[in-house]
Amino acid sequence: MDIHSEKILNQQLDRAIRNLRLHQFETSILEKKEHVIPFLEAQIEQGSSVAVGGSMTLAECGVIDWLRTGHVSFIDRYQPGIDVNEAFRRGLSADVFLMSSNAVTLEGELVNTDGTGNRVSALIFGPKKVYVVVGINKLVFTREEAQERIRQKAAPMNCERLNRDTPCRLVGECVDCNVAQRICSANVVLSRSHIPGRIHILFVKEPLGY
């Protein structure tokens, strides 16, 4: 990143962080994705129960592999043969929940669209602590821009990744379908952390995920 781009990015991050903190979110900035695991390892008490929302960001940062090393009690939704819905339910009472966000607005809001709703449910209520790992590509100005980002980027890319039989895989953008394998069911804008500091947003100054 050149110095001019970084200056503008830092101005935008400062605005987002200022507003997030006004809304009772906790925030941190990490320079690289390699810093995510050391940060989480220092923050999450050994032996804590930890669950995750579906996230390319966490995978790209190596978080899923780290969770399997034994530092925590990982509720592994990806384990072969596991009852996924049961893992989702257990995740709602975990000590810690890890996820990304489809978008974060400069006004201090988290904007997400979910299929089953387990990710947004855990974000809103349940786990004692939530860490939201966000690449700079998820930073947007408004709710409207966040929704557009989800419709034109996150949803089609995730449908392709998950091999879903949806129209957006064919045309490259959301067409607001009503097919069986649609992944856009719950649309949630979280504008405030009801419990101060329960939700901690980790901004990584690199593009991550969809």
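About the cut-offs
Residues numbered from 1 in each chain as written. Predicted model: local features only at pLDDT ≥ 70, side-chain atom pairs only at ≥ 80, totals over all residues. Heavy atoms only, no water. Helix = DSSP H or I, 4+ residues; strand = E, 2+ residues; numbered from the N terminus. Rg over C-alpha atoms; globule rule 2.2 N^0.38 Å. Buried < 20%, exposed > 50% of the residue type's maximum accessible area, 1.4 Å probe, protein only. Areas by Shrake-Rupley, 256 points an atom, 1.4 Å probe, with all protein chains shown as cover. Lys, Arg positive; Asp, Glu negative; His and termini not counted. Charge placed at Lys NZ, Arg CZ, Asp CG, Glu CD. Salt bridge = Lys/Arg side-chain N within 4 Å of Asp/Glu carboxyl O. Arc of directions from axis to C-beta. Contact = heavy atoms within 4.5 Å. Polar contact = N/O pair within 3.5 Å; in protein donor to acceptor, adjacent residues only side chain to side chain. Pairing = 2+ DSSP bridges. Axes fitted to C-alpha atoms, helices over the stretch in contact; angles between N-to-C directions.

What the protein contains, in helices and strands, is 8 helices and 10 strands. Against the 2.2 N^0.38 benchmark of 17 Å for 210 residues, the protein shows a C-alpha radius of gyration of 17 Å, consistent with a compact globule. Across its three principal directions, the C-alpha atoms of the protein cover 50 × 45 × 30 Å. Counting the 210 residues in the protein, one finds 49% classified as buried. By element, 49% of the accessible surface of the protein is carried by carbon and sulfur atoms, the whole surface being about 10,500 Å². Each charge class in the protein can be summarised by its mean position, and for the 25 positive and 25 negative side chains these summaries are 3 Å apart.

This part is about the pattern of salt bridges. Across all of its chains, the model carries 12 salt bridges by this definition. Residue Lys129 is joined to Glu26 by a salt bridge in which the shortest nitrogen-to-oxygen separation is 3.0 Å. Of this pair, Lys129 sits in strand 7 (residues 129–135) while Glu26 sits in strand 1 (residues 26–30), placing them 103 residues apart in sequence. The partner of Arg182 in a salt bridge is Asp176, and the shortest N-O contact between them spans 3.1 Å. Residue Arg182 is classed as partly exposed on the basis of its relative accessible area, which comes to 26%. Within the structure, one salt-bridge network assembled from shared partners comprises Glu6, Glu31 and Lys205.

To continue, consider helix 5 (residues 84–91). Regarding helix 5, the residues found buried are Ala87, Phe88 and Gly91. End-on, the buried residues of helix 5 take up no more than an arc of 100 degrees, which puts them together on one face. Against strand 2 (49–52), strand 4 (96–99) and helix 6 (118–124) lie the buried residues of helix 5. Between the side-chain oxygen of the N-cap and the backbone nitrogen of Asn85 there are 3.2 Å, and the N-cap of helix 5 in question is Asp83.

This paragraph deals with the sheet that holds strand 2. With respect to topology, 6 strands assemble into an open sheet ordered 1-10-7-4-2-3, the strand pairing being parallel. Sheet topology places strand 1 and strand 3 (73–74) at the edges, where each strand pairs with a single neighbour. Alignment of strand 2 against strand 3, held across 2 bridges, turns out to be parallel. Paired with Ser49 across the bridge in strand 3 is Ser73.

What follows concerns the side chain of Asn118. By the element assignment, Asn118 lies in helix 6. Judged by its relative accessible area of 12%, Asn118 is buried. Among the polar contacts listed, one links the side chain of Asn118 to the side chain of Thr116, at a separation of 2.6 Å. Leaving out residues up to four positions away in the same chain, Asn118 has contacts with Arg77, Phe88, Leu92 and Phe97.

So, on to the sheet that holds strand 6 (residues 110–114). Taken in spatial order, the 4 strands make up an open sheet running 8-5-6-9, and their pairing is mixed. Whereas interior strands pair on both sides, the edge strands pair on one side only; in this sheet they are strand 8 (139–140) and strand 9 (186–190). Bridging between strand 5 (residues 103–105) and strand 6 involves 2 bridges; their strand directions are antiparallel. If you follow Val104 over to strand 6, its bridge partner there is Leu110. Packed on one face of the sheet, helix 7 (residues 143–161) meets strand 5, strand 6, strand 8 and strand 9 and runs near 30 degrees to strand 6.

Before going further, it helps to spend a moment on helix 2 (residues 36–43). Among all positions in helix 2, only Val36, Ile37, Phe39 and Leu40 are buried. For helix 2, the angular spread of the buried residues around the axis is 160 degrees, confining them to a single face. Packed against the buried residues of helix 2 are strand 1, helix 4 (63–67), strand 4, strand 7 and strand 10 (199–204).

All right, on to the environment of Pro167 then. By the element assignment, Pro167 lies in helix 8 (residues 167–171). Among the residues examined, Pro167 registers a relative accessible area of 25% and is labelled partly exposed.

By themselves these figures say nothing about function.
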